[in-house]
Amino acid sequence: MDTNFKSGFIAIVGRPNAGKSTILNRLVGAKIAITTAKPQTTRNRILGILSEDDFQMIFVDTPGIHRSKTRLGEYMNHAAIGAIESVDAALLMADATRGIGPAEERIIAELTAKKIPAILGLNKIDRLSREALLPQIAAYAEKFAFTDIIPISAKTGDGTEILLEALKKFLLPGPMYYPADMITDKTEREIMAEFIREKLLSYLDQEIPHGTAVEVVEMKDEKKICRISADIVCEKDSHKSIIIGKGGAMLKRVGTAAREEAEHFFGKKIYLQLFVKVKDDWRNSNYMLKNLGFTDKE
């Protein structure tokens, strides 16, 4: 093994909408995690892999810690907290426009109990003044002995190079765990399902998109085109009508946007068929959660 080569696993944790997936995409240099303005966009752990000649940094993006009301919510919180147990370090992403809340308190308690070193990424600095930022830095510094506290904007990229250099300090001499050209452990079906769900979150209002899930049932890769069939699962007939829209307009809008996203990512033409199915209260069904992939992979 090359003793100069370093590697390590870093969990990205925080409350919903703190910018975890945005910073993951920026650090890895590719869109592997969907991002929307809505909370709880990320449901599963997502592995993002950054490989250079002398190091490999494996990021574990996690769902936002929140007050769960469903079994799906419980699963998401469990996945987030569980990620902290098996990493070398953590990046706590915090929204600089908001104070320390229950989610941050819980994460800091876990970091303290498990003696996990961590960096604080104080995000969204593009939205507030330096004077408003200083009290936030002081408040977090009192809560935990962060290795670094780095003000950043995941959206604009401000401070992210400094953040990456700070994260490198956590790496130790070790192997290259994944091939150098691999950027995520997600399958093509999982990536496609997330593209569709991202558009549902973007185009549908309020609670409806959070009550949806996407399952890619067929993905047939041909030379010049990839044919994909996917089911959108929702909880009520009334939600199904809204997702389809008048004359199928909403479903077409979602499908077109997801197809364009997929063509850019996969680098080929995509033929996408979407179907909407009703599964009553699926977010509280262990059977449905397992079928839709919400089970621990360990």
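Quick caveat, the model's predicted, so the values are computed rather than measured.

(A) Fine view of the environment of Val 87. Tracing the sequence through the fold places Val 87 in the loop between helix 2 (71–84) and strand 4 (89–95). Here Val 87 is in contact with Phe 9, Ile 10, Ala 11, Val 60 and Ile 116, once residues within four sequence places are set aside.

(B) Quick look at the pairing of strand 9 (residues 225–234). For strand 9, a buried count of 8 out of 10 residues is recorded, marking the element as mostly surrounded by other parts of the structure. In the sheet, strand 8 (residues 213–221) pairs with strand 9 via 8 bridges, with the strands oriented antiparallel. Within the sheet, the bridge partner assigned to Ala 213 lies in strand 9 and is Val 233. Here strand 9 pairs with strand 10 (residues 269–278) via 10 bridges, running parallel. Along strand 10, the bridge assignment pairs Ala 230 with Leu 274.

(C) Geometry of the sheet that holds strand 8. Strand order in the open sheet formed by 3 strands is 8-9-10, with mixed pairing between adjacent strands. Each of the sheet's edge strands pairs with one partner strand only, and the pair in question is strand 8 and strand 10. Ignoring strand direction, the axes of neighbouring strands in this sheet form an average angle of 20°. Those strands touched by helix 7 (residues 237–244) are strand 9 and strand 10, and its axis lies near 155° from that of strand 10.

(D) Representation of the packing of aromatic side chains. Taken as a whole, this structure holds 5 aromatic pairs when the rule is applied. Between Tyr 140 and Phe 146 the ring centres are 6.5 Å apart and the planes differ by 65°, which places this aromatic pair in the edge-to-face class. Judged by relative accessible area, which is 0%, Tyr 140 ranks as buried. Looking at Phe 146, the relative accessible area reads 11%, which means it is buried. Their ring planes at 70° and their centres at 5.7 Å tell us that Phe 195 and Phe 265 sit as a pair that is edge-to-face.

Criteria and cut-off values
Residues numbered from 1 in each chain as written. Predicted model: local features only at pLDDT ≥ 70, side-chain atom pairs only at ≥ 80, totals over all residues. Heavy atoms only, no water. Helix = DSSP H or I, 4+ residues; strand = E, 2+ residues; numbered from the N terminus. Contact = heavy atoms within 4.5 Å. Buried < 20%, exposed > 50% of the residue type's maximum accessible area, 1.4 Å probe, protein only. Pairing = 2+ DSSP bridges. Axes fitted to C-alpha atoms, helices over the stretch in contact; angles between N-to-C directions. Phe/Tyr/Trp six-rings, centres within 6.5 Å; stacked < 30°, edge-to-face > 60°.

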